[in-house]
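# Structural overview
Chain by chain, the residues run as shown.
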Amino acid sequence: MNQPKIKIGSHVSMSGKDMFLNSAKEAASYGSDVFMAYTGAPQNSKRKPLEELKIEEGRAYMRAHGLSEVIIHAPYLINLANTVKEDTFRSSVEFLTSEISRSEALHSKVLVLHPGAHVGAGEEAGIAQVVEGLNQVLRPDLKLTVALETMAGKGSELGRNFEQLARIIGGVRYPEKLKVCFDTCHVHDSGYDLIHHPEEVFGAFERIVGRDMIAVFHMNDSKNICGAAKDRHENYGFGQIGFEALQRIMYHPDYLDIPKILESPWVKDGHNEKKSYAPYKQEICSIRENRFDPEMVEKLRAGNGE
Ligand code: FE
Ligand code: FE
Ligand code: ZN
């Protein structure tokens, strides 16, 4: 199998007493080149102090195991688009500021951020508020870029099309500090046809947002059809996008250098509801070998994953 070299990895957790070291170990156990983590629970803003994250130990482990990069995902409680609750906006700005310093301390070059939801105030007001929020946190001396994620378009989510992302990026004072996280499930769910017309989709992206604006891919399949605006991920190759269409993006010559992160659902044990298995080792293997195993999920469910 002489597949071109890619940078593939998955979402991993950062928890326990070993925190970042744990993340690096989990990533290596899947055979990853790169990985993505939240700095704590994605739903809340409780965070451990930097000294307790085991950053140096994690970095040493990364070097020893060929892990070249870590990407941080900001928690989803951040909503810079909120014009309705002053408090939410203010705490979002504050939390994003501290998340940027944590990400820099972890030597992450990319911090993924959901643009936000306008919660009924409308697209115009929402986008203006996101721009205002980003202007309060982006500084010219930042060593990382904030990657705005393409969103599926459920509820009042912003970032549901390339135009909205372009307006946010075009509106801020330091646009060079912004990039995009291209989530294939979300782009498909928001109505772009990645199955039959991927070149048109990437052409539109480059025209509207710009060339070299993708900092990271989230390589997810979708449980729903194109345009469903749902945002429910499926295991790689098992959803509506399918293995072939995902592999075409995975190995797209223009984006070989860009880190690709899997955010697939864990597979529940067939006998024990409380047990579930990470699918990443198997998925990464099938991606590298370019061979789809239609029984992968069933095998995991039966506990034969290891
Ligand atoms: Fe995300
Ligand atoms: Fe994502
Ligand atoms: Zn998603």
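First, a word on scope: everything that follows refers to the structure included in this document. (Residues numbered from 1 in each chain as written. Chains lettered and ligands numbered in written order. Predicted model: local features only at pLDDT ≥ 70, side-chain atom pairs only at ≥ 80, totals over all residues. Heavy atoms only, no water.)

## Considerations on the packing of aromatic side chains
Taken as a whole, this structure holds 15 aromatic pairs when the rule is applied. Ring geometry for Phe162 against Phe205: centres 5.2 Å apart, planes inclined by 85 degrees, an arrangement best described as edge-to-face. With Phe162 in helix H5 (residues 162-171) and Phe205 in helix H7 (residues 198-208), this pair connects stretches of sequence that are 43 residues apart. We classify Phe162 as buried; its relative accessible area is 1%. A relative accessible area of 1% places Phe205 in the buried class. Both rings, one in Tyr236 and one in Phe243, keep their centres 5.7 Å apart while their planes meet at 85 degrees; by these two values the pair is edge-to-face. (Phe/Tyr/Trp six-rings, centres within 6.5 Å; stacked < 30°, edge-to-face > 60°. Helix = DSSP H or I, 4+ residues; strand = E, 2+ residues; numbered from the N terminus. Buried < 20%, exposed > 50% of the residue type's maximum accessible area, 1.4 Å probe, protein only.)

## Digging into the side chain of Asp33
Considering the arrangement of structural elements, one finds Asp33 in the loop between helix H1 (19-29) and strand S2 (34-37). Under the relative-accessibility criterion, Asp33 is labelled buried at 13%. A polar contact of 3.2 Å, which involves the side chain of Asp33, links it to the side chain of Arg288. Not counting chain neighbours up to four residues away, the residues in contact with Asp33 comprise Ile6, Lys7, Ile8, Gly66, Leu67, Ser68, Glu69 and Arg288. (Polar contact = N/O pair within 3.5 Å; in protein donor to acceptor, adjacent residues only side chain to side chain. Contact = heavy atoms within 4.5 Å.)

## A look at H1
Met19, Phe20, Leu21, Ser23, Ala24, Glu26 and Ala27 are the residues of H1 that are buried. Buried positions along H1 lie against strand S1 (8-12), S2, helix H2 (55-64) and strand S3 (69-73). Positive phi shows up at Gly31, right after H1, with a value of about 80 degrees.

## Re the sheet that holds strand S10 (residues 260-262)
Strands in a sheet are paired, the pairing made by backbone hydrogen bonds, and the direction either parallel or antiparallel. The 8 strands lie next to each other as S1-S2-S3-S4-S5-S6-S7-S10, forming a closed barrel whose pairing is parallel. Neighbour to neighbour, the strand axes of the sheet diverge by 30 degrees on average, direction disregarded. Pairing of S1 with S10, which is carried by 3 bridges, proceeds in the parallel orientation. Each bridged residue has a counterpart across the sheet, and for Gly9 the counterpart in S10 is Ile261. Helix H3 (residues 86-105) rests against S3, strand S4 (110-113) and strand S5 (145-149) of the sheet, and its axis sits at about 150 degrees to S4. (Pairing = 2+ DSSP bridges. Axes fitted to C-alpha atoms, helices over the stretch in contact; angles between N-to-C directions.)

## What about the coordination of the iron ion (ligand 1)?
Only His73 (NE2), His114 (NE2) and Glu149 (OE) from the protein coordinate the iron ion (ligand 1), and they sit 2.2 to 2.3 Å from it. Within one chain, the residues donating to the iron ion (ligand 1) are spaced in sequence as H-x40-H-x34-E. Between the two metal centres, the iron ion (ligand 1) and the iron ion (ligand 2), the spacing is 3.3 Å, with Glu149 acting as a shared donor. Residue His73 is found in strand S3, and its partner Glu149 is found in strand S5; the two are separated by 76 residues along the sequence. Each member of the pair, His73 as well as Glu149, is classed as buried. (Donors = N, O, S within 2.8 Å, 3.2 Å for Na, K, Ca; no water.)

## Quick look at the coordination of the zinc ion (ligand 3)
Protein coordination of the zinc ion (ligand 3) is provided by His186 (NE2), Asp231 (OD) and His233 (NE2), with donor distances spanning 2.0 to 2.2 Å. Sequence spacing among the residues donating to the zinc ion (ligand 3) works out to H-x44-D-x1-H. A relative accessible area of 2% places His186 in the buried class.

In short, the description is geometric, and any link to function would need to be established separately.
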